[in-house]
Each structure stands twice: as structure tokens, then as C-alpha cells.
Amino acid sequence: MDIRKETIFQDTAKLTIGDLSVELPVITGSEGEKAIDISSLRNQTGFITMDPGLGNTGICTSRITFMDGEKGILRYRGIPVEELAEHSTFVETAYLLINGMLPTRKQLNSFSVQLNDQSLVHEDMKGFYQNFPPRSHPMGILSSMVNTLESFYPILKKSETREEEINITLTRIISKVRTMAAMSYKISRGHKVVYPRPDLCYCGNFFNMMFDSPVRPYQVDENAIKALNVFWILHADHEQNCSTSAVRLVASGRVNIYAAISAGIAALWGPLHGGANQAVIEMLEAIQADGGNIRPFVERAKDKNDPFRLMGFGHRVYKTYDPRAKIIKKTADMLFEKMQVSDPLLDIALELEEVALKDNYFIDHNLYPNVDFYSGIVLRTLGIPTNMFTVMFALGRMPGWIAQWKEDADNPKWRLYRPRQIYTGNKTNHYVPIGERA
Ligand code: CMC
């Protein structure tokens, strides 16, 4: 059958399938991006569309984040991420993402007070942490514990809940996940939990809860705080991606928000997504252990018969340098200079980048460093253990997941996400009793 996608008119696209011709609306975004709205396609033609990996499928319109993968642009609510990384804090950026505008001083103060008020975690939750087997991955623990929040801090259904209570729940999540991540780390080491302090900023509080101890009290380090703010701002949202769309999809069944965020954490865990920051460091360590020769690793990454990939390289949307990677690389430089430290893994990373960017395979495939390539080096310098890197990504992505959840939940036309498929299995079969089977 001849299927042709014809001219895109100003606001409709004509699709011809054999003798049948339908006009479909064209949606144009504020940056000129275009989509053909196929929501009536099956009713009109009996056809569905097929897009494994969803590379050409929009699942929503959104006012939160704009990215242009060809030009390497990323903006939250219209503001370039470069400006936010330079001038903003994670808390202010979180407010921006969730509420759609930068806060006034009064709004920011009140948001900070709420974050402080919500920062304690129910004491009974400590028992759960103590009972995870010692080798449990912190992402599995975080995902489970965020789901558990519903039992400790139940929320009413959106339709029955006042706006204020919704806002408290959203703030609670952002505040408590930070406490929970640090608590998990302390308990995993057999150390006493450190409680949040209202006099410290969001990032300072995190460091204090992670690293303060009776033998070495935490000393505020403004460079580390700046670096963590930048790291979390860069991870705060990234429009539709595996974990964010998981949050939207799971939430569309009208499950409570904790369960939806817990699904996002689980989705982020994988090495092709947020787990890449841990995988990058493990790859750089493997290169170091192998004598520091990067060539065999580059060759393996190019070999079609080898599943190995250069971790921290490539992106579904960015076909140029990930703008976040540029910023985090500068942050690594700033940290090394101010803290007067060095990391041999940085030298390996720089050499790997240089070789890959000159190699035809990487050039032809548009493979450039993504945010995860240098972020692990920053986290290592900040003292974060490698198995917590993806947890750090998850803490940063919290405002984005929440903003995306809110955008759907506030939409009066919010529908259950329910994709279709084309069945290619057996035609009707009949049950055969076990004794009669061949
Ligand atoms: N090393 C070597 N080859 C690669 C790589 C890589 N890192 N990434 C993609 N390719 C090749 C791949 O083999 C394929 O080659 P061919 O067309 O010749 O068969 C081609 O590029 C397209 O790959 P794909 O898997 O179809 O592309 P995708 O858009 O589905 O993948 C990706 C995007 C991020 C999963 C992939 O680039 C990758 O696996 N990168 C390494 C993991 C990584 O760093 N992930 C973090 C992403 S950024 C953080 C986040 O936002 O989640």
C-alpha cells in the first residue's frame, strides 16, 4: 500500500494512504518546532503510527523546558541554562521550574523556609534503611523509600486536595529526598545520622548531613557549594526523556505523586540514562587500570560486534556538544583550581574526548560528550561515593519531574497514557490438554 506524507500546509498536513486522504492538524511550538497531531488518525483511517524508541513522537506540549539538539540549546522556562548555572541557585531554579517564573525575594525566602520545615524524615524510616542488605544500590533504596513516603505522609487525591497541600507535598519531596539520600549514606557506613540544620543552604545542608562527623566537623566550603548548585541546576530538567516520561506515564493512571517519582528514579537508574555518570567513572578507572591507554577502548566502542560504548558520549537529541557538558567541565576546572587538587581520571577523560572528537566514527555518528562525561569527576572531587552518583542526578531532577507531573495534573484534558502496538504473534490458537501436546 502506498503511504505518503504530503505537504505540510500552514496548519494541516495531508496524509495519503492508498485512495484515502486525511488532513491532520499541525501544531507549532513557540520556537517554531512542528508536530503533526495524529490523535484522530486511527478513528479516521484505522492506522496507528509506529515509532520504537519514540524518537519522533511528542507525548505532550510543554511550557517547561526547551532544547535544540542541533544548536546545543537548553532553556528552563525560557532562561538559558548557562545564565542559571552562573547566577542562580538550585533552590531558585527549582522554584522557577515548578512555578513558571523566577521568585521574588519574599517568595524565595518562603520557599526556603518551607524546605527547611519539611527537611526531617520520620524516625521510623531509619529502620528500613538499616534492613537493606549491605550491597544494595542506593538508587534501588531511594526509589523504594520515595514510594514509602506515601505511607508516612499520605496525600489526598488531587481533586480533593487544596492547592496549598499539593505545594507542601511538592516541597516535602524536594526537601526530604536530600535528607534521605544522606541518611542512607550514613547508615550504610554504620555512622550516626546527621540531621538537617536550618542555618545552612540546601547544598550546604546536604554536605553537612553527608560528611559531618564527631571526628571531622563539616566546614562550609563555598566552592563546593557553588559546584553542587551548578551540578543540580544542570540536571534539574531535560524535557521528555526516559525517566521524565516514565513519571508522566505512571502518574497518568492517577497514582500518588510519590509512586510516580519513584518510577522516575527507577527509570533513571539505567546506564544509558542517569546511570551513565557512574558508568563513566568505572570506564575511566578501567582505562587507568589498563595502563592509561585509551586506544583499545575507542576501538572497542567502534566495533559493531562489541556491545561496549564510550559512556558519557552521544545523546538522542544533542547532535552537537551537550551545553551542560561544557558548563560542568568548567566547574571541574574551577574546583581543581580552587581546591588545589588534581585527578588523573580528568587527564584520561580529556585525552579520550580529544581522540574521539577527531575520529571519523564519532564525527559521522554525531557523538559528543554529554553531561555525564565530566559530572562524575566533579562528584568525585566533592567526595561523593561512585555508587551515589546517580542518586545525585535524581536529587537534581526532582524539580523537573515535579514540574512535569504538575503540568499534566493541572491539564483539564489529562488522559491516561495508553500506547498501542502491532501484534505479530500467533493467530487464534486453541488450548491443548498437556497429555495431547506434541
Ligand atoms: N559509543 C559508541 N557508539 C555509540 C555511542 C557511544 N557512546 N552512542 C551511540 N553510538 C552509536 C550506536 O552504536 C549506533 O551506531 P550505528 O548506527 O552505526 O549502529 C548509533 O551511534 C546510534 O545509536 P543509538 O543507540 O541508536 O542512539 P540513541 O539515540 O538511541 O542513543 C544514547 C543515545 C545516549 C543511549 C547513546 O548515545 C549511548 O548509549 N551513550 C552512552 C550512554 C550515555 O552516556 N548515556 C547518557 C546520556 S545523557 C544523560 C541523560 O540525559 O540521560
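In case you missed it, the structure is sitting above this.
What comes next is a walk through the structure. (Residues numbered from 1 in each chain as written. Predicted model: local features only at pLDDT ≥ 70, side-chain atom pairs only at ≥ 80, totals over all residues. Heavy atoms only, no water.)

1. Here's the deal with the site of the ligand
Alright, step 1. Neighbouring the ligand are 20 residues, the closest being H273, K304, R309, L310 and H365.
Alright, step 2. In the model, an oxygen atom of the ligand is placed 2.8 Å from a nitrogen or oxygen of the R309 side chain.
Alright, step 3. At 2.9 Å, a side-chain N or O of N370 approaches an oxygen atom of the ligand.
Alright, step 4. A total of 940 Å² of accessible area belongs to the ligand in isolation, and the protein chains cover 76% of it.
Alright, step 5. Of the residues belonging to the shell around the ligand, the class tally is nine nonpolar, six polar and five charged. (Near = heavy atom within 4 Å. Polar contact = N/O pair within 3.5 Å; in protein donor to acceptor, adjacent residues only side chain to side chain. Areas by Shrake-Rupley, 256 points an atom, 1.4 Å probe, with all protein chains shown as cover. Nonpolar A, V, L, I, M, F, W, Y, C, P; charged D, E, K, R; others polar.)

2. Details of the pattern of salt bridges
Note on pairing: side chains with opposite charge can pair once their charged atoms come close.
Alright, step 1. Applying the stated criterion across every chain yields a total of 15 salt bridges.
Alright, step 2. Across the pair K126 and E123 runs a salt bridge, and its minimum N-O distance is 2.9 Å.
Alright, step 3. Judged by its relative accessible area of 40%, E123 falls in the partly exposed class.
Alright, step 4. Residue R248 pairs with E407 through a salt bridge whose shortest N-O separation is 2.7 Å. Residue R248 is found in helix α10 (residues 242-251), and its partner E407 is found in helix α18 (residues 389-409); the two are separated by 159 residues along the sequence.
Alright, step 5. On the basis of relative accessibility, which here comes to 1%, the residue R248 falls in the buried class.
Alright, step 6. When salt bridges that share partners are traced, they join R248, E407 and D408 into one network. (Salt bridge = Lys/Arg side-chain N within 4 Å of Asp/Glu carboxyl O. Buried < 20%, exposed > 50% of the residue type's maximum accessible area, 1.4 Å probe, protein only. Helix = DSSP H or I, 4+ residues; strand = E, 2+ residues; numbered from the N terminus.)

3. A few points about the sheet that holds strand β6 (residues 73-76)
Alright, step 1. If you trace the three strands from one edge of the open sheet to the other, you get β5-β6-β7, paired in antiparallel fashion. The sheet is open, and its two edges are formed by β5 (65-68) and β7 (79-80), each paired on a single side.
Alright, step 2. Where β6 lies against β7, two bridges are found, and the strand directions are antiparallel. Counted as the bridge partner of R75 is P80 from β7. (Pairing = 2+ DSSP bridges.)

4. Description of the pairing of β6
On any regular strand, side chains alternate: one points to one face of the sheet, the next to the other face.
Alright, step 1. Bridge analysis of β5 against β6 gives four bridges, and the strand direction is antiparallel. For M67, the partnering residue across the bridge sits in β6 and is L74.
Alright, step 2. Linking β5 to β6, which pair antiparallel, is a turn of four residues; within it G72 sits at a positive phi near 70°.
Alright, step 3. Following β6, the chain reverses through two residues before pairing antiparallel with β7; R77 in that reversal takes a positive phi of roughly 50°.

5. Topic: the packing of aromatic side chains
Alright, step 1. Tallied over the entire structure, the rule returns 15 aromatic pairs.
Alright, step 2. Measuring from centroid to centroid gives 6.4 Å for F207 and Y218, while their planes differ by 25°, and the two rings are stacked. Placement of F207 in helix α8 (residues 202-211) and of Y218 in the loop between α8 and α9 (222-235) is noted, with a sequence separation of 11 residues between them.
Alright, step 3. On the basis of relative accessibility, which here comes to 3%, the residue F207 falls in the buried class.
Alright, step 4. What makes Y218 buried here is its relative accessible area of 15%.
Alright, step 5. Relative to F362, the ring of Y361 has its centre 5.2 Å away and its plane inclined at 75°; by these criteria the two rings are edge-to-face. Each member of the pair Y361 and F362 is classed as buried.
Alright, step 6. Feature note: the residues F90, Y185, Y202, F206, F207, F211, Y218 and W232 constitute an aromatic cluster, connected by ring pairs.
Alright, step 7. Looking at R178, its charged tip hangs above the ring of Y202, at a distance of 4.3 Å from the centre.
Alright, step 8. Positioned above the aromatic ring of W414 is the side chain of R254, whose terminal nitrogen or guanidinium carbon lies 3.8 Å from the ring centre. (Phe/Tyr/Trp six-rings, centres within 6.5 Å; stacked < 30°, edge-to-face > 60°. Lys NZ or Arg CZ within 6 Å of the ring centre and 35° of its normal.)

6. Looking at the packing of helix α7 (residues 163-188) against helix α11 (residues 257-268)
Alright, step 1. α11 packs onto α7 with a crossing angle of 35° between their chain directions and a minimal axis gap of 11 Å. For the pair α7 and α11, the sense of crossing is right-handed. Touching T169, L170, R172 and I173 of α7 are I257, Y258 and I261, all from α11.
Alright, step 2. Split by residue class, the contact of α7 with α11 holds five nonpolar, one polar and one charged. (Axes fitted to C-alpha atoms, helices over the stretch in contact; angles between N-to-C directions. Left-handed = near helix turned anticlockwise from the far one by under 90°. Contact = heavy atoms within 4.5 Å.)

7. Considering the environment of Y431
Alright, step 1. Turning to its location among the elements, Y431 is positioned in the segment after α18.
Alright, step 2. Sequence separation of Y431 and P412 is 19 residues, and the distance between their C-alpha atoms is 45 Å.
Alright, step 3. In terms of polar contacts, Y431 uses its side chain to reach the side chain of R437, at 3.3 Å.

8. Side note on the nonpolar core
In summary, soluble globular proteins display a tendency toward joint burial of nonpolar side chains.
Alright, step 1. By size, the foremost hydrophobic cluster in this structure holds 119 residues, and its most contacted members are F206, W232 and L284.
Alright, step 2. A per-element tally of this core places α18 first, with 12 residues.
Alright, step 3. Ignoring anything within four residues of it in the chain, the contact list for F206 reads R178, A181, A182, L228, W232, I384, M388, M392 and L395.
Alright, step 4. Core analysis: the next-biggest nonpolar cluster, separate from the first, contains five residues, L15, I17, V22 and L41 among them. (Core = buried A, V, L, I, M, F, W, Y, C linked by side-chain atoms within 4.5 Å.)

9. Some details on the environment of I173
Alright, step 1. Locating I173 in the fold gives a position in helix α7.
Alright, step 2. Overall, I173 belongs to the buried group, its relative accessible area being 0%.
Alright, step 3. For I173 and S119, which are 54 residues apart along the polypeptide, the C-alpha to C-alpha distance reads 9.0 Å.
Alright, step 4. With residues near it in sequence (within four places) discarded, I173 still touches I257, Y258, I261, M398 and I402.

10. Side note on helix α12 (residues 276-289)
Alright, step 1. The end-to-end C-alpha distance of α12, which contains 14 residues, comes to 19 Å, matching closely the 20 Å that a straight helix rising 1.5 Å per residue would cover.
Alright, step 2. Buried within α12 we find A276, N277, Q278, A279, V280, I281, M283, L284 and I287.
Alright, step 3. Lining the buried residues of α12 we find α13 (295-302), α15 (344-358), α17 (371-381) and α18.
Alright, step 4. In the stretch just after α12, G291 is the one whose phi turns positive, near 100°. (Expected span 1.5 Å × (residues − 1).)

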